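Tertiary structure, described
What follows is the residue order along each chain.
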Amino acid sequence: MASASIPAYNSIPLENSSSQNASNESLKMEPLADVALLPGEERVIDKDIIYICPFNGALKGKVFITNFRLYFKSDGDHVVVLDVPLGAISRVEKMGGASSRGENSYGLDITCKDMRNLRFALKQEGHSRRDIFEILFRYAFPLSHGLPLFAYLSQEKFDENGWHVYKPMEEYRRQGLPTDKWRISFINEDYKLCDTYPTILVVPFKATEDDLQKVATFRSRCRIPVLSWINKENQAVIVRCSQPLVGMSGKRNKDDERYLEMIREANGTTKLTIFDARPNVNAVANKATGGGYEGDDAYQNAELVFLDIHNIHVMRESLKKLKDIVYPNVEEAHWLSSLESTHWLEHIKLVLSGAIQVADKVSSGNSVVVHCSDGWDRTAQLTSLAMLMLDSHYRTLRGFQVLLEKEWIGFGHKFASRIGHGDKNHADQDRSPIFLQFIDCVWQMTKQFPTAFEFNERLLMVILDHLYSCRFGTFLYNCENVRDNNLLRTKTVSLWSLVNSDTSSFINPFYTEESSRVLYPVASMRHLELWVTYYIRWNPRIRQQQQSPVEQRYRELLALRDQYLKKLQELQLSDSSPSTHLSNSSTPSAASPTQHITRLQTPF
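As the structure is a prediction and not an experimental result, all values here were calculated from the model. (Residues numbered from 1 in each chain as written. Predicted model: local features only at pLDDT ≥ 70, side-chain atom pairs only at ≥ 80, totals over all residues. Heavy atoms only, no water.)

1. So, helix H14 (residues 457-469)
Given 3.6 residues per helical turn, the α-helix brings residues three or four places apart onto the same face. Taking 1.5 Å per residue as the helical rise, H14 with its 13 residues ought to reach 18 Å, and the 18 Å between its terminal C-alpha atoms agrees with that figure. Listing the buried residues of H14 in full gives Leu459, Leu460, Met461, Val462, Ile463, Leu464, Asp465, His466, Leu467, Tyr468 and Ser469. Contacts made by the buried residues of H14 are with strand S6 (81-85), helix H11 (397-410), helix H12 (415-419), helix H13 (434-448), helix H17 (495-500) and helix H18 (532-535). Of the residues flanking the start of H14, the one acting as N-cap is Asn456, its side-chain oxygen 3.2 Å from the backbone nitrogen of Arg458. With its phi angle positive at about 65 degrees, Cys470 sits one or two positions after the end of H14. (Helix = DSSP H or I, 4+ residues; strand = E, 2+ residues; numbered from the N terminus. Expected span 1.5 Å × (residues − 1). Buried < 20%, exposed > 50% of the residue type's maximum accessible area, 1.4 Å probe, protein only. Contact = heavy atoms within 4.5 Å. Polar contact = N/O pair within 3.5 Å; in protein donor to acceptor, adjacent residues only side chain to side chain.)

2. Comments concerning the confidence of the model for the protein chain
Overall, the prediction assigns the protein chain a mean pLDDT of 89, with 89% of residues at 70 or greater. Per-residue pLDDT stays below 50 along residues 1-28; that stretch engages in 59 contacts with residues further than four places along the chain or on separate chains. Residue range residues 580-604 is modelled with pLDDT below 50. Its contacts to residues more than four positions away, or to other chains, number 17 contacts. (pLDDT = per-residue confidence, 0-100.)

3. Observations concerning the pattern of salt bridges
Within this structure, the stated rule accounts for 37 salt bridges. Here Arg471 ties to Glu156 by a salt bridge, and the two come within 2.8 Å at their closest N and O atoms. With Arg471 in the loop between H14 and helix H15 (480-485) and Glu156 in the loop between helix H2 (130-140) and helix H3 (168-174), this pair connects stretches of sequence that are 315 residues apart. Taken as a pair, Arg471 and Glu156 share a single burial class, namely buried. With a shortest N-O distance of 3.9 Å, Glu257 and Lys254 are connected by a salt bridge. Of the two residues, Glu257 and Lys254 are both situated in helix H5 (residues 254-265); the distance of 3 residues between them amounts to about one turn of the helix. Its relative accessible area of 11% is what places Glu257 among the buried residues. According to the relative accessible area criterion, Lys254 is exposed, its value standing at 56%. What emerges from the salt-bridge pattern is a single network uniting Glu41, Arg69 and Asp83. (Salt bridge = Lys/Arg side-chain N within 4 Å of Asp/Glu carboxyl O.)

4. Considerations on the layout of surface pockets
Any space left empty among the atoms is revealed by the rolling of a water-sized probe across them. Estimated volume of the second largest pocket: approximately 810 Å³. Considering the residues around the second largest pocket, the lining is formed by 25 residues, among which Ser90, Thr111, Arg316, Lys320 and His426 are closest to the centre. Among the secondary structure elements, those contributing two or more residues to the lining of the second largest pocket are strand S7 (89-95), strand S8 (107-112), helix H7 (312-326) and H12. It is H7 that provides the largest number of residues to the lining of the second largest pocket, a total of 6 residues. Taken together, the residues of the lining of the second largest pocket sort by class into 8 nonpolar, 6 polar and 11 charged. (1 Å grid on protein atoms, 1.4 Å probe; cavity = no way out; pocket = protein on both sides within 12 Å on 5 of 7 lines; lining within 4 Å. Points joined across faces, edges and corners; volume = space filled by probe spheres on them. Nonpolar A, V, L, I, M, F, W, Y, C, P; charged D, E, K, R; others polar.)

5. Regarding the UniProt feature "active site" (unreviewed entry) in the protein chain
UniProt records the feature "active site" (unreviewed entry) at Cys372, using the numbering of this structure. Tracing the backbone shows Cys372 in the loop between strand S16 (368-371) and helix H10 (378-390). (UniProt positions renumbered as here; feature names shortened; annotations may be inferred.)

6. Examining unusual backbone geometry
With an omega of -5 degrees, the peptide bond between Leu177 and Pro178 qualifies as cis. Residue Pro328 is bonded to the preceding Tyr327 through a cis peptide linkage, with omega at 0 degrees. Along the chain, Pro328 falls in the loop between H7 and helix H8 (335-342). Residues other than glycine seldom take positive phi values, yet Cys222 does so here, at roughly 60 degrees. Inspection of the secondary structure puts Cys222 in the loop between helix H4 (209-216) and strand S12 (226-230). The phi torsion at Cys470 lies on the positive side, around 65 degrees, for a residue other than glycine. With respect to the element layout, Cys470 can be found in the loop between H14 and H15.

7. Observations regarding the packing of aromatic side chains
Inspection of the entire model under this criterion finds 26 aromatic pairs. When the centroid spacing of 5.5 Å and the interplanar angle of 15 degrees are considered together, the rings of Trp443 and Trp531 count as stacked. In this pair, Trp443 is assigned in helix H13 and Trp531 in the loop between H17 and H18, connecting sequence segments 88 residues apart. Comparing Trp443 with Trp531, the two get one shared label, buried. The positively charged end of Arg174 is found above the aromatic ring belonging to Tyr394, 5.1 Å away from the centroid. (Phe/Tyr/Trp six-rings, centres within 6.5 Å; stacked < 30°, edge-to-face > 60°. Lys NZ or Arg CZ within 6 Å of the ring centre and 35° of its normal.)

Structure below.
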């Protein structure tokens with residue numbers, strides 16, 4: 001089984017490591033020439049072990065554990081390598097006991113967050129697994145042991161600083177804000193209005209700071225309705241927030257009602273559409289815990305639409321079922337019925353369908369408000385996907401980074417709670433694959449519109465790998481407030497530093513820029529596919545299917561074109577030298593440089 005793709009950018013081999021505080025034990029470890037350690041990565045333990053490979057059987061070899069990864073390499077001619085970031089591990093368990101019978105029945109079971117499980121066997125005598133179990137448990141779950149996440153230990157350096165990718169004021173100016181109807185508010189600059197919102201908010205021009213304070217008391221977690229995106233042509237907006245605190249008694253709040261009326265009036269929308277991401281029955285049930293939804297009697301100029309997207313617990317169970325059918329083996333005989341029983345694609349369909357409805361309303365000139373319960377899970381899925389459909393800027397490599405920084409990271413999707421970075425509590429009910437689901441929806445769109453996105457599938461997979469890896473600071477913690485308190489931007493490296501220092505690896509060769517096109521993907525089960533190259537990538541049969549021949553050929557043609565353009569430039573430079581210019585001054589040019597370039601371009 002091949003290794004996970006973890007590019008070792010700016011990495012250094014072990015023997016060149018400048019670590020001053022290596023323990024005496026680590027100095028005795030044998031050199032590991034074929035693994036380039038990241039700057040800041042240190043070896044902790046080596047051990048002879050047997051990897052119970054689901055595809056090749058029991059394989060003897062050596063496992064190396066660092067403060068960042070688990071690396072295994074098998075002995076013999078047919079070498080199998082595992083390269084697993086410790087952040088991708090969700091659970092480590094002891095397998096068998098001292099009295100266990102049967103070959104390879106004593107060892108470790110490792111459950112990973114990236115759709116694979118690992119099993120290692122050791123000799124039974126002398127508590128041979130105790131040291132490796134304790135070290136693995138300690139370094140895979142550093143926060144549970146009072147240790148820092150690897151992102152705070154990393155010494156990587158890149159050409160670009162990814163923390164500069166997203167600047168809120170620049171992004172709002174790009175959208176044409178502020179306007180005479182919408183203003184920038186700094187009421188949350190110290191996180192006192194809402195501790196899970198960003199510091200810069202866009203609110204209705206008519207709304208005073210006092211209005212915002214009053215509305216915050218009637219919205220769950222004080223997550224008031226604020227602008228995410230505005231349509232420059234028709235001034236329709238996407239506004240995001242959390243549920244109103246209606247409760248069982250059906251409470252009303254005049255300030256909240258007037259505030260939503262301001263949003264409606266900003267572009268003269270006849271009726272403000274409120275998209276509640278939840279199923280109707282769930283929204284009603286939330287009244288029992290003090291939440292609820294906007295009733296017709298209180299919000300008379302609004303229409304309420306429920307989108308039937310299930311909660312985090314349903315999504316977690318769905319992914320668990322999907323993992324059961326794709327790893328380690330895919331059962332061909334009942335594949336379609338097994339896939340259907342997971343309901344994974346059904347959930348993808350509902351999220352995409354909801355985003356399409358949001359985009360369609362805004363495109364036709366109607367402003368919308370989007371919320372779920374707290375406004376940081378399904379809400380982020382819907383607003384970001386709708387913005388991806390409406391605004392081609394977010395379909396560029398850097399624009400997509402801005403979208404994630406803004407709608408997910410800035411507006412407080414609970415990455416720490418949903419992923420469980422460095423936390424041993426694998427059964428935590430807050431864990432859920434909400435962001436994975438969003439990236440899957442983006443992948444579905446790239447399949448349906450192969451020329452509309454500047455970035456490729458590799459970017460999406462790298463984002464998901466580093467969602468778990470803890471190598472970068474980008475997806476750590478639940479909100480900006482906590483990130484600021486932990487000095488994230490000064491003490492860790494951004495994932496976008498890696499991406500933007502090697503953009504050629506993430507560019508889609510088929511990309512065609514279309515500035516005003518709105519994308520409407522087909523959210524039908526007949527048009528949705530399982531993302532095989534992600535979910536089943538650990539299966540050797542799947543991994544052997546490399547880049548498509550068409551894409552490979554297209555890249556070759558682009559490289560050839562670049563060569564010809566370079567030669568052309570060289571010829572033009574030699575033609576423009578004084579002697580050549582004099583001798584050819586009486587002869588008209590056969591073709592202008594632009595004509596040459598036009599001929600050399602390959603129409604695709």
